[in-house]
Amino acid sequence: MDKKNKLSLWERYLTREIGIEFKSCLYFFAVLFFYCVYKLVCGVYEAGILHMSEMILACYLIGYLQVYGFNNFDEADSLRGREWLGVGVCTVLYTLLSYFLGWFDKKLWLSGVFTAYILLVYFCVFLIYRAKRRIDDKILNEDLRLFQAEHPGKVQDKDE
């Protein structure tokens, strides 16, 4: 690959930052959904702005930890030792923050339910990213086949 086609350090950094932004919004939505369902079940029809601010800040900080500390474990090909450690650490952080910041009124049993919910969210996101990678691979392979058909002899298939 020639130098003009390689990603620069800035492009790599920007790609990671955009990934963290997306990841933070995704997890914020999941946490906020759980919070809103809890509030509705309690008969409360308003959400606390302070709690939502804490949640989004937590999602950003944990997103940075996921990407830079645990190699983006939710986007990994498989969940092994380091990835499971990342899932565990980040889940514990979400749970501790939710409890000590009072998102769920410091109800210990609800913190346990929230922990299970976060684990389910991580697993679902892992499956979504894996499916997206497989779809992207199929699209790229099809694009390569089309290019090879239009320009025979220019590109070798990676499987050959």
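Everything that follows concerns the structure shown earlier in this document.
Here the structure is a predicted model, which is why all the values come from computation and not from measurement.

(A) Region of the structure containing the side chain of H51. With respect to the element layout, H51 can be found in helix α2 (residues 49–69). On the basis of relative accessibility, which here comes to 17%, the residue H51 falls in the buried class. Reaching out from H51, the side chain makes a polar contact with the side chain of Y35 at a distance of 3.0 Å. Among the polar contacts made by the side chain of H51, one reaches the main-chain carbonyl oxygen of G102 at a distance of 3.5 Å. Excluding its chain neighbours within four sequence positions, the residues that come into contact with H51 are Y35, L101, G102 and W103.

(B) Geometry of the packing of aromatic side chains. If you walk through the whole model with that rule in mind, you get 13 aromatic pairs. For the ring pair F34 and Y117, a centre distance of 4.9 Å and an interplane angle of 35° mean the geometry is tilted. One end of the pair, F34, is in helix α1 (residues 9–41); the other, Y117, is in helix α4 (residues 108–150), with 83 residues separating them in the sequence. Ring pairs connect the aromatic residues F34, Y35, Y38, F104, F114 and Y117, which therefore count as one cluster. Sitting over the face of the ring of Y99, K106 holds its NZ or CZ atom 6.0 Å from the ring centroid.

(C) Representation of the nonpolar core. One finds V31, Y94, W103, F104, F114 and Y122 to be the most contacted residues of the largest nonpolar core, which totals 27 residues. Where this core is concerned, the elements lending two or more residues are α1, α2, α3 (81–100) and α4. Sequence-distant contacts of W103, that is, excluding residues within four places in its chain, are made with V31, Y35, Y38, H51, E54, M55, A58, Y94, L97, S98 and F114.

(D) Inspection of the pattern of salt bridges at higher detail. Summed over the entire model, instances satisfying the criterion amount to five salt bridges. Between D136 and K132 there is a salt bridge, and its shortest N-O distance comes to 2.7 Å. Residue D136 and its partner K132 are both found in helix α4; the two are separated by four residues, about one turn of the helix. Note on D136: relative accessible area 30%, which makes it partly exposed.

(E) Molecular detail of the side chain of K39. As for its position among the elements, K39 is in helix α1. One buried charged side chain, K39, makes no salt bridge at all; its nearest oppositely charged neighbour is D105, positioned 4.7 Å away. Setting aside its immediate chain neighbours within four residues, K39 contacts V44 and E46.

Criteria and cut-off values
- Residues numbered from 1 in each chain as written.
- Predicted model: local features only at pLDDT ≥ 70, side-chain atom pairs only at ≥ 80, totals over all residues.
- Heavy atoms only, no water.
- Helix = DSSP H or I, 4+ residues; strand = E, 2+ residues; numbered from the N terminus.
- Buried < 20%, exposed > 50% of the residue type's maximum accessible area, 1.4 Å probe, protein only.
- Polar contact = N/O pair within 3.5 Å; in protein donor to acceptor, adjacent residues only side chain to side chain.
- Contact = heavy atoms within 4.5 Å.
- Phe/Tyr/Trp six-rings, centres within 6.5 Å; stacked < 30°, edge-to-face > 60°.
- Lys NZ or Arg CZ within 6 Å of the ring centre and 35° of its normal.
- Core = buried A, V, L, I, M, F, W, Y, C linked by side-chain atoms within 4.5 Å.
- Salt bridge = Lys/Arg side-chain N within 4 Å of Asp/Glu carboxyl O.
- Lys, Arg positive; Asp, Glu negative; His and termini not counted.

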